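A look at the structure
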Amino acid sequence: MPTALRAVPALLALALLSSCSSGTATTTSSTSTTSTSTTTTTATTTNAYAAAYQSATYNNGNSGNMTVSFPSSCSMTVTGTGVPYQHQVYYLVPVGTGGTVVATTPSGIQLQLATYANSGLSTSIKTISATFNTCPTKATSTTATGGGPIGLMFSGTVLFDSYEATTTVALGDNASYTFASTACGGTTCTASFIDPCNQHTTGSTSGSTWHYHGVPTCWTTHVDGSSGPSHIIGIALDGYPIYGGYDINGNAVSVSSLDACNGITSPTPEFPSGAYHYVLPLNTTTSQSSINCYTGTVSATLSAQMQKLACKMPMLLADGNARLPDGREVSREEAAAWVKQTMPGMPMGPAQGMQMAAGPQPAKQKEGGGRHAMPMPGM
């Protein structure tokens, strides 16, 4: 294990802010169970969107767990552990006091090394519980997505919009670090701020949220194969389905063909005659990597449920300042005062005004290939 690896401090570890019917179908009651997910259909529907959700593929991966039920003809209730479908052995996370900086993102976020298994990335994960409208209709005007979860992918992980709290596009603000190790199945390991599945995690005093900022390639490969066509892989908070970056013929969807919300009306395997849906384009590191507005209506109840999964922690920047959840850059002393005012239950260090001392040192990572289950730094 590299000597640069340290336990991530409780406060700033992993503060990665981001911040109807087109046909008829009938579905009878049925229950299907895989090793890690349960889908229960309890209502009959004649709505094409609702029927498509009832027949979609949900997480049967090696580390996720979600339960999906349909209590009415136009609703879907989801509960899940929030554990990512796939993950890397090592990640880069925002550095805290005592940490060794091994990489810096283009926007200046300093990063240190952490293991998924031993530094907190797999513990204190926030669970998911929400009910979605599965019979969406277009609103009279679009609504900006804002920070935090904007949809749920059927891998069991939520989707954020394309931005971090630094107001930079997340997928364009990545960084990686390669070092000698046999833990990843070869002679070296590469750790990234955002992994190859376009995901990383937030951090907060009440738990952390794994989330995507773009197309979840590890899940689309499972659902669609390597070259499409894309199938439903998630649901936005307004109820419209989310797809990967291939059209019904297996061709890459052009970003220029999408509307301002990343939506399009076109044929898909579930809607051969065409239906409105969102697209997460392939190989996109611009603001169109994710959904940036809603075409439909988001209920206040669902929005409140999903905002519980948002990150509300400051993060340290390379210029010596800190970034607050609302995007403001302030001094670290001001960030400490903000934490003290808004999170009175957070332990405070006498020198810095917030607890930033390193926690217990992680256990030695076992060498060898394969994936590891792990906790979140200092959470």
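Residues numbered from 1 in each chain as written. Predicted model: local features only at pLDDT ≥ 70, side-chain atom pairs only at ≥ 80, totals over all residues. Heavy atoms only, no water.

**Thoughts on the overall build of the protein chain**
This is how the line gets drawn: Secondary structure counts use DSSP, requiring at least four H or I residues in a row for a helix and at least two E residues in a row for a strand, with both numbered from the N terminus. Per-residue accessibility, obtained with a 1.4 Å probe over protein chains only, is compared with the maximum for each type, and a residue is labelled buried under 20%, exposed over 50%, and partly exposed between these values. Areas reported here follow the Shrake-Rupley algorithm with a probe of radius 1.4 Å; residue values treat only the protein chains shown as occluding.
On a plain count of helices and strands, the protein chain comes out with 4 helices and 23 strands. Relative to its 379 residues, the protein chain shows a buried fraction of 54%. Approximately 14,100 Å² of the protein chain is accessible, and the part contributed by carbon and sulfur atoms is 51%.

**Focus on the packing of aromatic side chains**
Both the distance between ring centres and the angle between the ring planes are used here to describe each pair of aromatic rings. This is how the line gets drawn: In this scheme Phe, Tyr and Trp rings, the latter by its six-membered ring, pair at centre separations within 6.5 Å, and the angle between planes marks the pair as stacked below 30 degrees, edge-to-face above 60, and tilted otherwise.
Scanning the model with the defined rule gives 12 aromatic pairs in all. For the ring pair Tyr85 and Trp219, a centre distance of 5.0 Å and an interplane angle of 85° mean the geometry is edge-to-face. Of this pair, Tyr85 sits in the loop between strand E4 (75–80) and strand E5 (90–94) while Trp219 sits in helix H2 (residues 217–224), placing them 134 residues apart in sequence. The class of Tyr85 is buried, set by a relative accessible area of 7%. Following the ring pairs from residue to residue traces out a cluster consisting of Tyr49, Tyr240, Phe271, Tyr276 and Tyr278.

**As for the nonpolar core**
Proteins that are soluble and globular tend to have nonpolar side chains buried together. What counts is decided by this rule: Nonpolar cores were defined as sets of buried Ala, Val, Leu, Ile, Met, Phe, Trp, Tyr and Cys residues, with membership established by side-chain atoms within 4.5 Å.
The biggest cluster of nonpolar side chains holds 47 residues, and the ones touching the most others in it are Tyr53, Tyr58, Met76, Phe132, Phe154, Ile242 and Tyr278. In this structure, Leu111, Ala170, Phe179 and Ile194 belong to the second largest nonpolar core, which totals 16 residues.

**A word on the state of the cysteines**
Cut-off, in case you're wondering: For this text, the term disulfide refers to a pair of cysteine sulfurs within 2.5 Å.
Considering all chains together, one arrives at 4 disulfides under this definition. The disulfide bridge from Cys74 ends at Cys135, spanning 1.9 Å between sulfur atoms. Since a negative S-S torsion denotes a left-handed disulfide, the Cys74-Cys135 link at about -85° is left-handed. You can see Cys74 sitting in the loop between strand E3 (66–72) and E4 and its partner Cys135 sitting in the loop between strand E8 (128–133) and strand E9 (138–144), a full 61 residues away along the chain. The exposure class assigned to Cys135 is buried, which follows from its relative accessible area of 9%. One disulfide bridge connects Cys261 with Cys293, the sulfur atoms lying 1.8 Å from each other. Here the S-S torsion is close to -110°, and the disulfide linking Cys261 with Cys293 is therefore left-handed. Note that Cys261 is positioned in the loop between strand E17 (241–243) and strand E18 (263–266) and Cys293 in strand E20 (residues 293–296), a separation of 32 residues in sequence. Across the pair, Cys293 and Cys261 agree in class, each one buried. Going through the protein chain in sequence order and numbering each bonded cysteine, the pairs you get are 1-2, 3-4, 5-6, 7-8.

**Some points on the side chain of Glu164**
For clarity, the threshold we go by: We define a polar contact as two N or O atoms separated by no more than 3.5 Å, with the added condition that, inside protein, one atom must be a possible hydrogen donor and the other a possible acceptor, whereas residues neighbouring each other in sequence contribute only through side-chain atom pairs.
With respect to the secondary-structure elements, Glu164 resides in the loop between strand E11 (158–160) and strand E12 (176–180). Owing to a relative accessible area of 3%, Glu164 belongs among the buried residues under this scheme. Within the local environment of Glu164, its side chain forms a polar contact with the side chain of His200, the two groups lying 3.1 Å apart.

**Some remarks on the sheet that holds strand E19 (residues 275–279)**
Either a parallel or an antiparallel arrangement is found when strands of a sheet pair, and the pairing is made through backbone hydrogen bonds. Definition in use: Only strands joined by at least two bridges in the DSSP assignment are considered to pair. The angle between two axes is taken between their N-to-C directions and runs from 0 to 180 degrees, where each axis is a line fitted to C-alpha atoms and a helix contributes only its stretch in contact.
With mixed pairing, 8 strands are arranged side by side in an open sheet as E14-E15-E11-E10-E16-E17-E19-E18. Taken across any chain shown, the strands that pair with only one partner, and hence form the sheet edges, are strand E14 (199–201) and E18. Ignoring which end each strand starts from, the neighbouring axes of this sheet average 40° apart. Note: strand E10 (residues 149–153) against strand E16 (residues 232–236), 3 bridges, orientation antiparallel. In the sheet register, Leu152 faces E16, and the bridge partner there is Ile235.

**Focus on the side chain of Ser290**
Under the convention used in this document: The criterion used for residue contact is that any of the two residues' heavy atoms lie within 4.5 Å.
Mapped onto the secondary structure, Ser290 falls in the loop between E19 and E20. Accessibility expressed as a relative area gives 0% for Ser290, which makes it buried. Looking at Ser290, its side chain comes within polar contact range of the main-chain oxygen of Phe160, at 2.7 Å. When near neighbours in sequence (up to four residues on either side) are disregarded, Ser290 contacts Ile150, Leu159, Phe160, Asp161, Ser162, His213, Asn262 and Leu280.

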